[in-house]
Amino acid sequence: MRTSRRSFAAFTLLCAILAGGCQSLQDLLGGVPKPTAHVIGASIRGLSLENIVLLFDVEIENPYSAGLPLADIRYALASGGKTFLEGIVQPSGSIPARGKQVIQLPATLQFSSLLGALKGVKPGAIVPYTADFKIGVDAPVLGRIEVPLSKSGEFPVPAVPQVELSSLAVGKLGLDQIKASAKLQIKNTNPFALDLTKLGITLALGGQEVGSSRLANSSSLAAGQSTTLEVPLSFSPRTAGVGIVNLLRGNQIAYQVSGSMEVNSRFGPLSLPFSHIGNTPISR
């Protein structure tokens, strides 16, 4: 009986407070601390000609004396007011009582989808973006709440480098061995500098593969800049076909050069495949 009277009294008091306008329930809960979150880091963890992986480090602070369970994290990436990527992550665990914890949020973007969503963006562009997050948590007293935060940055859409065989100098031309020197012109088609570290190439002349090589060459290419590399060739006509001898006696020859270059950039390491077909002059 005494417990029922106390409950009734508490209920009557609450009704009186609300009806009297002394303080609304929202005002009462307004003094309850709420969790906070900040993006403390954003980086690129994977970059290729097909996609990019952005990694966001989000620090969440729990002001309560009990663990704060994580519900979900929603994110949206936009550029120029146009959203091009949305997603939801459902992390497990909780933020420790009166503590902080960093949650890593990866976001994978396919460039094919990006080019369809943003007009005017093409390979070789640098895209500014804004990432908006909503951290969903199950807070005591307040229940489910969302903590909003945002982060701005930029990322590249890499372009294929331009690699051409600018000239072919033939030295020894015999039926047992052919020696030549190929000059490769490499152009950086991106709006950011590339530091070339490795170059793997395969060369075909007159439709016949004559050799492959892997060069360890350290050189820096500014945006739009070109450089020339000299590649020595030595091959047997018996392997490439004796007809190659007659082709090399002419003034020019059809070629195909393909391969991949390893580079470093301010956005991280990149592996850039290339392939080009053309004609090149022959000198002796």
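In this report, the structure presented in the accompanying data block is examined. What you see is a predicted model, and the numbers here were worked out from it, not measured in a lab.

Definitions and limits used
Residues numbered from 1 in each chain as written. Predicted model: local features only at pLDDT ≥ 70, side-chain atom pairs only at ≥ 80, totals over all residues. Heavy atoms only, no water. Helix = DSSP H or I, 4+ residues; strand = E, 2+ residues; numbered from the N terminus. Buried < 20%, exposed > 50% of the residue type's maximum accessible area, 1.4 Å probe, protein only. Areas by Shrake-Rupley, 256 points an atom, 1.4 Å probe, with all protein chains shown as cover. Pairing = 2+ DSSP bridges. Core = buried A, V, L, I, M, F, W, Y, C linked by side-chain atoms within 4.5 Å. Contact = heavy atoms within 4.5 Å. Axes fitted to C-alpha atoms, helices over the stretch in contact; angles between N-to-C directions. Phe/Tyr/Trp six-rings, centres within 6.5 Å; stacked < 30°, edge-to-face > 60°.

### Structural notes on the overall build of the chain
Of regular secondary structure, the chain possesses five helices and 16 strands. Residue burial in the chain is summarised as follows: out of 284 residues, 37% are buried. Summed over its atoms, the accessible surface of the chain is roughly 15,300 Å², and 51% of this surface lies on carbon and sulfur atoms.

### Points about the pairing of strand β16 (residues 268-283)
Note: strand β9 (residues 162-173) against β16, two bridges, orientation parallel. Bridging across to β16, A169 finds its partner in S283. Both strand β15 (residues 252-265) and β16 contribute to a ladder of 14 bridges, which runs antiparallel. Counterpart to V263 in the pairing with β16 is L270.

### Some thoughts on the nonpolar core
Judged by nonpolar contacts, the single largest core of 75 residues is most densely connected at L114, I135, F155, L205 and L248. Of the residues forming this core, the biggest block, eight residues, is contributed by strand β7 (residues 125-139). In contact with L248, not counting residues within four places along its chain, are L168, V170, L173, I178, L205, F235, I253, I282 and R284.

### Things to note about the sheet that holds strand β6 (residues 100-110)
Strand order across the open sheet formed by three strands is β1-β2-β6, with antiparallel pairing between neighbours. Either end of the sheet is taken by a strand with one partner, and the two such strands are β1 (36-47) and β6. Going from strand to strand, the sheet's axes swing by 20° on average, the running direction of each strand aside. Bridge count for β1 against strand β2 (residues 51-61) is ten bridges, and the pairing is antiparallel. Looking at the pairing, I44 lines up with L54 of β2.

### A few points about the packing of aromatic side chains
For the coordinates displayed, the defined rule picks out five aromatic pairs. Ring geometry for F56 against Y129: centres 6.3 Å apart, planes inclined by 80°, an arrangement best described as edge-to-face. Here F56, found in strand β2, pairs with Y129, found in strand β7; they are 73 residues apart in sequence, far enough to count as distant. Residue Y129 is classed as buried on the basis of its relative accessible area of 6%. Exposure remark for F56: the relative accessible area of 1% places this residue in the buried category. Taken together, F56, F84, Y129, F133 and F155 form an aromatic cluster joined through their ring pairs.

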